[in-house]
Amino acid sequence: MWLWIHKFGSPPHAYRLLGKMAPWFGWPALALILLATWWGLVKAPADYQQGDAFRILYVHAPSAWMSMFIYVVMAVAAAIGMIWRIKLAHAAAAACAPIGASFTFLALATGSIWGKPMWGTWWVWDARLTSELILLFLYLGYMALRSSFDDPQRADRASAVLAIVGVINVPIIHYSVEWWTTLHQPASVTKLDKPSIALEMLWPLFIMIVGFQLYFGWAISRRLRGEILRRERNARWLQEGA
Amino acid sequence: MDLQEFLRMGGYAVYVWTAYGLTALVLLLNWVSARRRESLEQESARRRSRPD
C-alpha cells in the first residue's frame, strides 16, 4: 500500500499515468454531455409551469454541483499536501482551481439567465446566490494568491490555507436554501425518497452530471500534467526525456 | 418534430440558447487552455533536455 502511494506520488509515474487516463475520461465525457444535451433539449417534455425555460436546469444544476464538488476536491488535496507534504497533492489542488472557477461562473451565469424570465430579475442578493458568488471569489483569490509567489512551495502553503478555510462556504451554499428565505427554489433532486420532478426529466440531469464529472477528470489530468512539468523542470527524469 | 418550433423554445429561445451556448463555450475554452498549457510545458521541457 505505502509502496503504491509512493509510486503514484512520484512525478514521472503520475505524469505518465495521467496521460494514459485522460482519453478514458475525455471521450465518455463528450459522449455523455452530447447525449444529455439532446435528451434535455429535445426529448424531455416541457415543464408545465416553466415551459421550455426549465431546460436551463440541465446545464445550471450540474455546473453548480461541480462548482462545489471541485472545491471540496481542491481543499482535500490542499490538506493532504499540507499534512503529508506531498507536492503532487498541492499540484492537484492548483490544477482544480481554474476548472472549478469555470463551473462556478457557469452556475452563476446560467442561473442569472434562468432567473430573468422566471423571477423577473437577473440577480438578487439572497443567500444562495451570494454564497455562490463568494465561491467564485474564493477560486479567483486562490489563483491570485498562488501567482503572487515566485517560490512554488510558499505558494502551495499559503494557498492551501485559503482553500481549507474556504471549504466552510460549501455547506453554507448547500443549506442556504433551507437556512434562509430565498428566491432560489429548494433542491428538487437530492430528496431521494421522493424527488419532486418526473423521472423522464431526471435522466438527462444525471447523465449531464456524470458527463461533467468525467470532463473534470479529463481536465484535471491535462492540467496536472502541465503543473507537474512546470514544477519538475529541473528534475532528471525530464532532462533525460520523458 | 418542427425545427422552427424547437428553435423557438416556447418563447424562451434567447435564454435557453444563451445558457447552453455559454456552457459549451466555457467547456471548450477550458479544453483549449488545458491542452495549450500542457503542450507549452512539454515544449519547454523538450528544449531543456536538449540544450544546443
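What you are looking at is a predicted structure, and each value in this text was computed from that prediction instead of being measured.

Participant: It is not clear to me how the overall build of chain A should be interpreted in this structure. Could you clarify?
Facilitator: Helix and strand counts for chain A come out as nine helices and zero strands. In summary, chain A has a C-alpha radius of gyration of 20 Å against a globular reference of 18 Å for 242 residues, a match within 12%. Across its three principal directions, the C-alpha atoms of chain A cover 65 × 35 × 30 Å. By residue count, 41% of the 242 residues in chain A fall in the buried class. Contacts spanning at least 24 positions in sequence make up 77% of the contacts within chain A whose residues lie at least 6 apart.

Participant: When you look at unusual backbone geometry in this model, what are you seeing that I'm missing?
Facilitator: Leave glycine aside and you will find that most residues have negative phi; peptide bonds, for their part, are mostly trans. Look at Arg85 of chain A: it is not a glycine, yet its phi comes out positive at around 55°. Tracing the backbone shows Arg85 of chain A in the loop between α3 (57-84) and α4 (87-119). The backbone phi angle of Met9 of chain B is positive, close to 50°, even though this residue is not glycine.

Participant: Quick question: what am I supposed to make of helix α6 (residues 152-166) of chain A here?
Facilitator: Structural remark: α-helix, 3.6 residues per turn; residues separated by three or four positions point the same way. Residue and element names in this part refer to chain A. Taking 1.5 Å of rise per residue, 15 residues should cover 21 Å, and α6 covers 21 Å from first to last C-alpha, within 8% of that figure. Taken residue by residue, α6 has Asp156, Ser159, Ala160, Ala163 and Gly166 as its buried positions. The buried residues of α6 all sit within an arc of 130° when viewed along its axis, so they share a single face. Of the residues in α6, the exposed ones pointing more than 90 degrees away from the buried face are Arg154 and Val165. Buried-residue contacts for α6 involve α3, α4, α5 (127-147) and α7 (169-179).

Participant: I'm lost on the environment of Leu106 of chain A in this one. Help?
Facilitator: Examined against the element boundaries, Leu106 of chain A turns out to sit in helix α4. Taking C-alpha positions, Leu106 of chain A is 9.8 Å from Ala61 of chain A, a pair spaced 45 residues apart along the chain. In this structure, Leu106 of chain A is in contact with Ser63 of chain A together with Leu22, Thr23 and Val26 of chain B, ignoring residues within four places of it in sequence.

Participant: Where do I start with the nonpolar core in this structure?
Facilitator: The tendency in soluble globular proteins is for nonpolar side chains to be buried side by side. In this structure, Ile56, Met74, Ala92, Ala93, Cys96 and Tyr215 of chain A are the most contacted members of the largest nonpolar core, which totals 70 residues. Only α2 (11-43), α3, α4, α5, α6 and α8 (199-231) of chain A together with α2 (13-49) of chain B provide two or more residues apiece to this core. Excluding its chain neighbours within four sequence positions, the residues that come into contact with Cys96 of chain A are Ile70, Val73, Met74, Ala77 and Ile220 of chain A.

The rules behind the values
- Residues numbered from 1 in each chain as written.
- Chains lettered and ligands numbered in written order.
- Predicted model: local features only at pLDDT ≥ 70, side-chain atom pairs only at ≥ 80, totals over all residues.
- Helix = DSSP H or I, 4+ residues; strand = E, 2+ residues; numbered from the N terminus.
- Rg over C-alpha atoms; globule rule 2.2 N^0.38 Å.
- Buried ≥ 20, exposed ≤ 12 C-beta atoms within 10 Å, placed from the backbone.
- Contact = placed C-beta atoms within 7 Å.
- Expected span 1.5 Å × (residues − 1).
- Arc of directions from axis to C-beta.
- Core = buried A, V, L, I, M, F, W, Y, C linked by C-beta atoms within 7 Å.

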